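# Close look at the chain arrangement
Each chain, letter by letter, is given below.
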Amino acid sequence: MIFEFERDFAGSLRCIPMIARQKLDIVGIKMTLRQWSRVSRDERGMLVDMPCDTKAEQDTYHALVQDLIATRTDEPVRFLATQRLEDWREADRMPEAVLTQSQTDGVPPPTPEQWAALAPLKRFALIKLARSKHENENFVPALKEFGILQGEG
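Note that the structure is predicted; figures quoted are calculated from it, not measured. (Residues numbered from 1 in each chain as written. Predicted model: local features only at pLDDT ≥ 70, side-chain atom pairs only at ≥ 80, totals over all residues. Heavy atoms only, no water.)

The subject of this paragraph is the side chain of Q22. Here Q22 is to be found in helix α2 (residues 18-27). We classify Q22 as buried; its relative accessible area is 8%. Excluding its chain neighbours within four sequence positions, the residues that come into contact with Q22 are W88, P120, L121 and F124. (Helix = DSSP H or I, 4+ residues; strand = E, 2+ residues; numbered from the N terminus. Buried < 20%, exposed > 50% of the residue type's maximum accessible area, 1.4 Å probe, protein only. Contact = heavy atoms within 4.5 Å.)

What follows is the structure, given as structure tokens:
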């Protein structure tokens, strides 16, 4: 699933779409855009489409990403800290970064009810966009796409 706000840059799989970023976070691997670009288009599609929910699926995904980085790039695999921030899983607590980015952009943040109703991938996307220095211009479009902002902007 590619979100509309990322279609221009991730729809072609030139950039890492949120669905793949979430899976990479789940398995604890930091894949750079340079590494992503060295993987074939079909392999990128596989990283987007592969399931990554169960422990077995996560193990398979982890092994595939490690193998792709090792065979397609001249860079080492980098792992995320063991204390990964998975606050996107918490429907009952909105991270401070989302509140701060909403304030910075001059828009109301999601209400607790809206936050809780979002699918985990949408919460993940908002958190990533709020924490990103170069992608936060997509924060408001994402809020609109997810139905949080109505007719604003």
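For the rest of this paragraph, the subject is the nonpolar core. Among the nonpolar cores identified, the biggest contains 45 residues, and F5, M18, W36, L47, Y61, L126 and F146 are the most heavily contacted of them. Elements represented by at least two residues in this core include exactly α2, α4 (41-49), α5 (55-72), α6 (96-105), α8 (120-131) and α9 (139-145). Top contributing element to this core by residue count: α8, with seven residues. (Core = buried A, V, L, I, M, F, W, Y, C linked by side-chain atoms within 4.5 Å.)

Across the protein, pLDDT averages 90, with 93% of residues at or above 70. Across the protein, the secondary-structure element scoring lowest on mean pLDDT is helix α1 (residues 7-10), at 76, and the one scoring highest is α5, at 97. (pLDDT = per-residue confidence, 0-100.)

Right, let's get into the pattern of salt bridges. Under the defined criterion, the tally for this structure stands at eight salt bridges. With its nearest N and O atoms 3.3 Å apart, the salt bridge here joins E4 to R7. Among the salt bridges present, the one from D59 reaches K55, with a minimum N-O distance of 2.8 Å. With a gap of four residues between them, D59 and K55 both fall in helix α5, about one helical turn apart. When its relative accessible area of 40% is taken as the criterion, D59 is described as partly exposed. Connected through shared salt-bridge partners, R34, D74 and E75 make up one network. (Salt bridge = Lys/Arg side-chain N within 4 Å of Asp/Glu carboxyl O.)

Moving on: the side chain of R44. If you trace the backbone, R44 turns up in helix α4. Comment: no salt bridge for buried R44; closest opposite-charge side chain is E43, at 7.2 Å. A polar contact of 3.3 Å, which involves the side chain of R44, links it to the backbone oxygen of W36. In this view, R44 contacts L13, R14, W36, S37 and V39; residues no more than four positions away in its chain are not counted. (Lys, Arg positive; Asp, Glu negative; His and termini not counted. Polar contact = N/O pair within 3.5 Å; in protein donor to acceptor, adjacent residues only side chain to side chain.)

We now examine α8. Its twelve residues give α8 an end-to-end C-alpha distance of 16 Å, which sits within 8% of 16 Å, the value for a rise of 1.5 Å per residue. Next to the buried residues of α8 lie α2, α6, α7 (112-117) and α9. (Expected span 1.5 Å × (residues − 1).)

Turning next to the packing of aromatic side chains. Scanning the model with the defined rule gives four aromatic pairs in all. The interplanar angle of 15 degrees and the centroid separation of 5.5 Å between the aromatic rings of F3 and F5 together place this pair among those described as stacked. Residues F3 and F5 agree in their burial class; the two are buried. Pairwise contacts between aromatic rings join F3, F5 and F146 into one cluster. (Phe/Tyr/Trp six-rings, centres within 6.5 Å; stacked < 30°, edge-to-face > 60°.)

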